[in-house]
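Spelled out from the first residue to the last, the chains are:
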Amino acid sequence: MKTIYLVRHGETLANRQGILQGWSNNPLDDTGRKQAAALVTRASRVPLDAIYTSDLIRTRETAAPLAEARGLEPTVLPGLREISFGKWDGHHLKEIQEKDPDTLRDIFLKPGQVDLEAEEDLAASQERAWETFTGLAEGMDPDGTILCVSHGGLIRLLVCRILGFSIDNMWRMSLANTAFVQVVRTEEYGFRVDKLNDMGML
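Residues numbered from 1 in each chain as written. Predicted model: local features only at pLDDT ≥ 70, side-chain atom pairs only at ≥ 80, totals over all residues. Heavy atoms only, no water.

- For the protein chain, an unreviewed UniProt entry supplies the name Phosphoglycerate mutase and the organism Acidaminococcus fermentans.

Next comes the structure, spelled out in structure tokens:
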């Protein structure tokens with residue numbers, strides 16, 4: 001059985017302030033750095049063959065302490081990058097509420113149907129993530145374990161794809177900073193989600 005841990009990055013100032021990050025390249029804040037350090041202990045019982053991150057700094061900083069503790073060099077994969085909020089990347093939720101409340105509502109209630117004027121819509125983001133995710137799974141040893149540090153939006157899209165949910169359901173799942181989703185894959189039954197939004201030991 002193959003095991004893949006999908007870990008959301010640690011907290012950033014933008015997370016704390018209610019800003020849509022998207023493709024904005026923000027570092028971790030003090031809390032995020034503590035969360036990243038705590039991953040070393042939380043993952044201590046799990047043998048890891050490899051660690052992967054997106055190309056944004058908040059995921060690379062989240063993976064760094066664990067990678068150092070395991071003597072692994074994280075592989076950076078642009079396919080694990082966060083979704084884009086288009087013209088609203090980097091903007092505060094309160095600002096969007098004041099300027100365009102209908103769009104803010106649609107972002108969270110029917111995200112697959114809203115046009116954010118982004119370089120990549122959610123369907124394309126999901127396809128990008130799925131191609132990366134399945135490629136990693138195919139390359140794993142039959143009983144291998146890997147960990148991918150990615151983003152809240154993108155991980156939700158992957159879970160929707162695995163479970164057969166529409167993109168419009170993506171925000172119905174909670175996923176805290178450094179929470180993980182555990183996915184297993186068997187030859188007989190394919191992918192299965194074993195844990196979701198777990199903040200405990202991996």
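So that's the structure; there's more coming.
## Concerning the overall build of the protein chain
- Across its full length, the protein chain holds 7 helices and 6 strands.
- Reading the protein chain from its N end, one meets helices and strands in the order β-α-α-β-α-β-α-α-α-β-α-β-β.
- Against the 2.2 N^0.38 benchmark of 17 Å for 202 residues, the protein chain shows a C-alpha radius of gyration of 16 Å, consistent with a compact globule.
- In terms of overall dimensions, the protein chain has a C-alpha envelope of 50 × 40 × 25 Å along the principal axes.
- Expressed as a percentage of the 202 residues in the protein chain, the buried residues total 50%. (Helix = DSSP H or I, 4+ residues; strand = E, 2+ residues; numbered from the N terminus. Rg over C-alpha atoms; globule rule 2.2 N^0.38 Å. Buried < 20%, exposed > 50% of the residue type's maximum accessible area, 1.4 Å probe, protein only.)

## Section: helix α3 (residues 57-70)
- Counted at 1.5 Å a residue, the expected span for α3 with its 14 residues is 20 Å, and the 20 Å between its end C-alpha atoms agrees.
- The largest bend along α3 measures about 35° and falls at Ala-64, with the proline Pro-65 one to four residues further on.
- Taken as a whole, α3 has its buried residues at Arg-58, Thr-59, Thr-62, Ala-63, Leu-66 and Ala-67.
- Directly after α3, the chain includes Gly-71, whose backbone phi takes a positive value near 70°. (Expected span 1.5 Å × (residues − 1). Bend = angle between axes of the 7 residues up to and from the residue.)

## Observations regarding the pattern of salt bridges
- For the coordinates displayed, the defined rule picks out 13 salt bridges.
- As a salt-bridge pair, Lys-87 and Glu-117 come within 3.6 Å of each other at their nearest N and O atoms. Taken together, the positions of Lys-87 in the loop between β3 (75-76) and α4 (93-99) and Glu-117 in the loop between α5 (101-109) and α6 (122-139) put the pair 30 residues apart, joining distant regions of the chain.
- For Lys-87, a relative accessible area of 41% corresponds to the partly exposed category.
- Note that Arg-185 is salt-bridged to Glu-138, the shortest N-O span being 3.4 Å. (Salt bridge = Lys/Arg side-chain N within 4 Å of Asp/Glu carboxyl O.)

## Some details on the sheet that holds β3
- Reading across the sheet, the 6 strands line up as β3-β2-β4-β1-β5-β6 and stay open at both edges, with mixed pairing between neighbours. Two strands close off the open sheet at either side, each with one partner strand: β3 and β6 (190-198).
- With 6 bridges joining them, strand β1 (residues 2-8) and strand β4 (residues 145-150) adopt parallel strand pairing. Bridge pairing links Thr-3 to Thr-145 in β4.
- Across the sheet, α6 is in contact with β1, β2 (50-53), β4, β5 (180-186) and β6; its angle to β1 comes to roughly 140°. (Pairing = 2+ DSSP bridges. Contact = heavy atoms within 4.5 Å. Axes fitted to C-alpha atoms, helices over the stretch in contact; angles between N-to-C directions.)

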